[in-house]
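Fold and geometry: a report
Chain by chain, the residues:
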Protein chains: 2
Amino acid sequence: MMGLTGNSKLVTSTVGKSTNIRWHDCPIGQDGRQKLLNQKGCVVWITGLSGSGKSTLACALSHGLHSRGHLTYVLDGDNLRHGLNRDLCFKAEDRAENIRRVGEVAKLFADAGLICIACLISPFRSDRNACRSLLPKSFIEVFLNIPLEVCEARDPKGLYKLARTGKIKGFTGIDDPYEPPSDCEIVIHCKAGDCPSPKSMADQVISYLEVNGFLQY
Amino acid sequence: MMGLTGNSKLVTSTVGKSTNIRWHDCPIGQDGRQKLLNQKGCVVWITGLSGSGKSTLACALSHGLHSRGHLTYVLDGDNLRHGLNRDLCFKAEDRAENIRRVGEVAKLFADAGLICIACLISPFRSDRNACRSLLPKSFIEVFLNIPLEVCEARDPKGLYKLARTGKIKGFTGIDDPYEPPSDCEIVIHCKAGDCPSPKSMADQVISYLEVNGFLQY
């Protein structure tokens, strides 16, 4: 049990609004956990309009990876608003803070060795890039490039209808912008009006993870 | 791949400050992940004075569990202030919010199937109990009951010295109260002035986890 305390790196620093914080480094690190799991921790960040199929892809992806023996965890922007982000509403600064926190938690999960699947509309490039900068080597941005008409026709939550009738304000794609990624790892799109199935979307991401070495230690 | 979307439970609700949120249930749940890991997700919440050895115990515990093949992750209150909680300072309401967020993130890790080890002074019973209420069946509170004199003599970060000379205000144990747990799962204490080693503290927690079925699916 050598070095359990002796190896801790203690560095005092001033960060943000906090002072007198020291960073404790544990002897079991990301590497040990990745070895145990035989995978590399990373964040698959799924962005796209409401109704583009982010949660559906997240579920199919976690299913596909689990059946291959990999440990995943889905951070769903909506679900987190029931817990961690329950103090936030939908005004601009709260939406940005929502994304920031999901990015920080996703980073923890990747550090824990998991393949963390985050799904949020995350309409602004700057917010997504801030999350990417937290883990530049293991951030895989997946853009669900599904046309607005398709998303609106699906309208699984009835939100487009509410936005069109003015009952929701600032709805992405209707009266609030969506900035598509300019340079992301994976783009998923419809061909000749045919949108890919959940399984084929998931397979596209799994192929990427495999080719890029995330599915082995 | 049946039911990937069809089985999603969609329930619209109003939570906190958010409206129009639906809860997406994925086909791979905590149970599937726990089976994969052969353990039960839980939170080991270590509370105690500054210098009582929370981080040391957390490291020894993660080391001991890892060597038995278990997946753990340490949430250190100090470390999170570098990321997720960098917007918070040490005033009373921010300290409470810090603990609330760590509790919510710990819950996510337990849901992911990990043995999540949270170490924070968390001096108030009400804050700790709020975290416990998030996962009543898998919250294991560990009280590091080390006398103030011992902690102050160790003073690994030099904070007691700063508090005694008035350079830090509101320091737990000096000019701010610490409320010991009235009914927690594990108490660790010194006997006749002899404090337990990191390994023996960790073994005490591991025994508890073993006896209570957390180290198997």
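Conventions adopted
Residues numbered from 1 in each chain as written. Chains lettered and ligands numbered in written order. Predicted model: local features only at pLDDT ≥ 70, side-chain atom pairs only at ≥ 80, totals over all residues. Heavy atoms only, no water. UniProt positions renumbered as here; feature names shortened; annotations may be inferred. Helix = DSSP H or I, 4+ residues; strand = E, 2+ residues; numbered from the N terminus. Disulfide = S-S within 2.5 Å. Buried < 20%, exposed > 50% of the residue type's maximum accessible area, 1.4 Å probe, protein only. Pairing = 2+ DSSP bridges. Axes fitted to C-alpha atoms, helices over the stretch in contact; angles between N-to-C directions. Arc of directions from axis to C-beta. Contact = heavy atoms within 4.5 Å. Phe/Tyr/Trp six-rings, centres within 6.5 Å; stacked < 30°, edge-to-face > 60°. Lys NZ or Arg CZ within 6 Å of the ring centre and 35° of its normal.

Looking at an unreviewed UniProt entry, chain A carries the name Adenylyl-sulfate kinase, with the source organism given as Eleusine coracana subsp. coracana. Turning to chain A, the UniProt annotation filed under Pathway (unreviewed entry) states: "Sulfur metabolism; hydrogen sulfide biosynthesis; sulfite from sulfate: step 2/3." Under the UniProt heading Sequence similarities (unreviewed entry), the note attached to chain A is "Belongs to the APS kinase family."

With respect to unusual backbone geometry
Residue and element names in this part refer to chain B. One non-glycine residue, asparagine 38, lies in positive phi territory at about 55°. Relative to the elements of secondary structure, asparagine 38 occurs in the loop between helix H1 (30-37) and strand E3 (42-47). The phi dihedral of serine 122 falls on the positive side, at around 35°, and the residue is not glycine. Within the secondary structure, serine 122 sits in the loop between strand E5 (115-119) and helix H5 (125-134).

Concerning the state of the cysteines
Residue and element names in this part refer to chain A. Counted according to the given criterion, the structure contains two disulfides over all chains. One disulfide bridge connects cysteine 190 with cysteine 195, the sulfur atoms lying 2.1 Å from each other. One disulfide, between cysteine 190 and cysteine 195, carries an S-S torsion of 80° and so falls in the right-handed class. A relative accessible area of 18% places cysteine 190 in the buried class. Free of any disulfide, cysteine 116 has its nearest neighbouring cysteine sulfur in cysteine 42, separated by 8.6 Å. Assessed through its relative accessible area of 0%, cysteine 116 is described here as buried.

Describing the sheet that holds strand E7 (residues 186-189) of chain B
All names here are of chain B. With parallel pairing, five strands are arranged side by side in an open sheet as E4-E5-E3-E6-E7. Both edges of this open sheet fall to strand E4 (72-76) and E7, since each of them pairs with a single strand only. Going across the sheet, the axis of each strand differs from the next one's by a mean of 20°, ignoring polarity. Direction of pairing for E3 relative to strand E6 (residues 139-145): parallel, over a ladder of five bridges. Bridge assignment links isoleucine 46 to a residue of E6, and that residue is valine 142.

Things to note about the pairing of E3(B)
The side chains of a regular strand alternate between the sheet's two faces. Residues and elements named next belong to chain B. Most of E3 sits out of view: six of its six residues are buried. Side-chain alternation along E3 places Cys42, Val44 and Ile46 on one buried face and Val43, Trp45 and Thr47 on a second face that is also buried. Sheet topology note: the E3/E5 ladder contains five bridges and is parallel. Residue valine 44 lies in a different strand from E5, and its bridge partner there is isoleucine 117.

Observations regarding H5(B)
All names here are of chain B. Regarding H5, the residues found buried are Asp127, Arg128, Cys131 and Arg132. When H5 is viewed along its axis, its buried side chains cluster within an angular range of 140° and face the same direction. Pointing more than 90 degrees away from the buried face of H5 are the exposed residues Ser126 and Ser133. In this fold, the buried residues of H5 make contact with E3, helix H4 (92-111) and E6.

A few points about the sheet that holds strand E7 (residues 186-189) of chain A
All names here are of chain A. The parallel open sheet is built from five strands, whose spatial order is E4-E5-E3-E6-E7. The open sheet has two edge strands with one neighbour each: strand E4 (72-76) and E7. Strand-to-strand, the axes of this sheet are offset by a mean angle of 20°, without reference to chain direction. Pairing geometry for strand E6 (residues 139-145) and E7, over four bridges, is parallel. Bridge pairing in E7 links valine 142 to isoleucine 186. Each of strand E3 (42-47), strand E5 (115-119), E6 and E7 is contacted by helix H8 (residues 198-211), which is oriented at about 165° to E7, the strand it contacts most.

Looking at the packing of aromatic side chains
What the rule picks out here adds up to nine aromatic pairs over all chains. Seen from their ring centres, Phe109(A) and Phe109(B) are 3.9 Å apart, and the 10° between their planes marks the pair as stacked. You can see Phe109(A) sitting in helix H4 (residues 92-111) and its partner Phe109(B) sitting in helix H4, one on each of two chains. With respect to class, Phe109(A) is no different from Phe109(B); both count as buried. Where Tyr73(B) meets Phe109(B), the ring centres are 5.0 Å apart and the plane angle is 20°; that geometry is what we call stacked. Here Tyr73(B) is found in strand E4, whereas its partner Phe109(B) is found in helix H4, with 36 residues between them in sequence. Like Tyr73(B), the residue Phe109(B) is buried in the burial classification. Following the ring pairs from residue to residue traces out a cluster consisting of Tyr73(A), Phe109(A), Tyr73(B) and Phe109(B). Over the aromatic face of Phe90(B) sits the side chain of Arg81(B), whose NZ or CZ is 3.9 Å from the ring centroid.

Describing the side chain of Gln39(A)
All names here are of chain A. Relative to the assigned elements, glutamine 39 resides in the loop between helix H1 (30-37) and E3. Residue classification places glutamine 39 among the buried residues on the basis of a relative accessible area of 0%. Sequence-distant contacts of glutamine 39, that is, excluding residues within four places in its chain, are made with Gln34, His70, Leu71, Gly113, Leu114, Ile115, Phe214, Leu215, Gln216 and Tyr217.

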